[in-house]
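Single-letter residue listing:
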Amino acid sequence: MSKGTVPGVSVVMPAYNAEKYLREAIDSILAQTYTDFELIIINDGSTDSTKEVIHSYSDPRIIYIENERNSGICITLNKGLDASRGRYIVRMDSDDISVPERLEVQVRYMDANPDIGASGSDIEIFGDGIEPYRFTQLHTSEECSAGLLFNSCFAHPSVIIRKSVIDKYNLRYNDEFRGLEDYELWWQIGKYSNLNNISMPLLRYRFHKGQETQNVTPRVRDAFMKFAQCRFRDLNIAVSDKELRLWNAYSTGDYSCFDDNSIIDFIELSARIVDQYPCRTRSILNALRLTLSKGITYTLNNSDNIKSGRKYYYFKSLVAGVFPLSWFAKVTYHNILR
């Protein structure tokens, strides 16, 4: 790719003290079957040999940016977005591996589906002491839209983004929601375009001790609460502080606060969401009911403080209009998700 030529894809890879796995990550991008890309690597003030590893490559598609000091993930990623020249932006982490056909498959899909603003994929999870396994994401636009009510619908480093969408609406990673900055960006993109996942494992996602974890710290929990308020406000659905705390508890996996009273509140809130959800197409409402049904079922199966039988709450969810009859039959008669 000659200097000044606009590439089809800009791959954005932040790197902080990434010397152990960085070469594998870079090699997996340089080996892509789709070759019309630039690889933007932002060194976020590393103190190990990250810089030397990057500079050992002579491929002209690599663009190196260095932060003078460690600036954090949001500032670093936004530098990558601002430097990107491609029609599409692909996220990649410095410890993961993209399969050789990843860019080719994702670009072809985005070209064929101009309504999609961002798309991810299924992933293969691997690492020391882990038997590799496939993690299946939500696939359809309706499932992703409904799933965003609770949590991110993407594996962040698997995503391809249509640059015209984020530039048109001036969307960037928001440090106010650090710890779930990707989730907040998908929510913003979802206001203006559709989201979905390709049903193929296009990324090998590495679990290891040195990675930046998604532990639910008090700061992240507060960010979840604030972001939940934003989501309900965007949907024009009024919720009480108590309901927000329950929603936040489920979203962060804190089932201990659910008892026989609060699960009723959770079911009633879910019913109100179905009644007041602004998009009223059958497909999105079906996906919404299924998403909420799974949330109620998971909560019932994970809380030790709910004493009444599950079937009682399944029936209340059915009567409230949350459980589809098919889901009620599955969990009641076939012991699904127990």
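Look up a bit, the structure's there.
What counts and how
Residues numbered from 1 in each chain as written. Predicted model: local features only at pLDDT ≥ 70, side-chain atom pairs only at ≥ 80, totals over all residues. Heavy atoms only, no water. Helix = DSSP H or I, 4+ residues; strand = E, 2+ residues; numbered from the N terminus. Buried < 20%, exposed > 50% of the residue type's maximum accessible area, 1.4 Å probe, protein only. Lys, Arg positive; Asp, Glu negative; His and termini not counted. Salt bridge = Lys/Arg side-chain N within 4 Å of Asp/Glu carboxyl O. Polar contact = N/O pair within 3.5 Å; in protein donor to acceptor, adjacent residues only side chain to side chain. Contact = heavy atoms within 4.5 Å. Phe/Tyr/Trp six-rings, centres within 6.5 Å; stacked < 30°, edge-to-face > 60°. Lys NZ or Arg CZ within 6 Å of the ring centre and 35° of its normal. Axes fitted to C-alpha atoms, helices over the stretch in contact; angles between N-to-C directions. Parallel < 35°, antiparallel > 145°, perpendicular 65-115°, else oblique. Nonpolar A, V, L, I, M, F, W, Y, C, P; charged D, E, K, R; others polar.

> Quick question: what am I supposed to make of the side chain of Glu-181 here?
Looking at where Glu-181 falls in the secondary structure, it is placed in helix H7 (residues 181–190). The buried charged residue Glu-181 lacks any salt bridge partner; its closest oppositely charged side chain belongs to Arg-178, at an N-O distance of 6.6 Å. For Glu-181, the side chain forms a polar contact with the main-chain nitrogen of Gly-179, separated by 2.8 Å. Look past the residues within four positions of Glu-181 in its chain and what remains in contact with it is Ile-73, Cys-74, Tyr-173 and Asn-174.

> Quick question: what am I supposed to make of the packing of aromatic side chains here?
Aromatic rings in a pair are described by how distant their centres are and how their planes are angled relative to each other. Inspection of every chain in the model, using the stated rule, returns 16 aromatic pairs. Clustering of aromatic rings is evident, with ring pairs tying together Phe-150, Phe-232, Trp-247, Tyr-250, Tyr-255, Phe-258 and Phe-266. Here the guanidinium or amino end of Arg-204 rests over the ring plane of Phe-126, the centre of that ring lying 4.0 Å away. One residue, Arg-231, lies across the ring of Phe-227, its end atom 4.7 Å from the ring centre.

> Hey, could you run me through the packing of helix H9 (residues 241–251) against helix H10 (residues 260–276) in this one?
The axes of two packed helices give the description: the angle between them and the distance between them. Remark: H9 packs on H10, axes separated minimally by 10 Å, with the N-to-C direction vectors making an angle of 95 degrees. Accordingly, the angle class assigned to the pair H9 and H10 is roughly perpendicular. Across from Lys-242, Glu-243, Leu-246, Trp-247 and Tyr-250 in H9, the residues of H10 making contact are Ser-262, Asp-265, Phe-266, Leu-269, Arg-272 and Ile-273. For the contact of H9 with H10, the class distribution of residues is six nonpolar, one polar and four charged.

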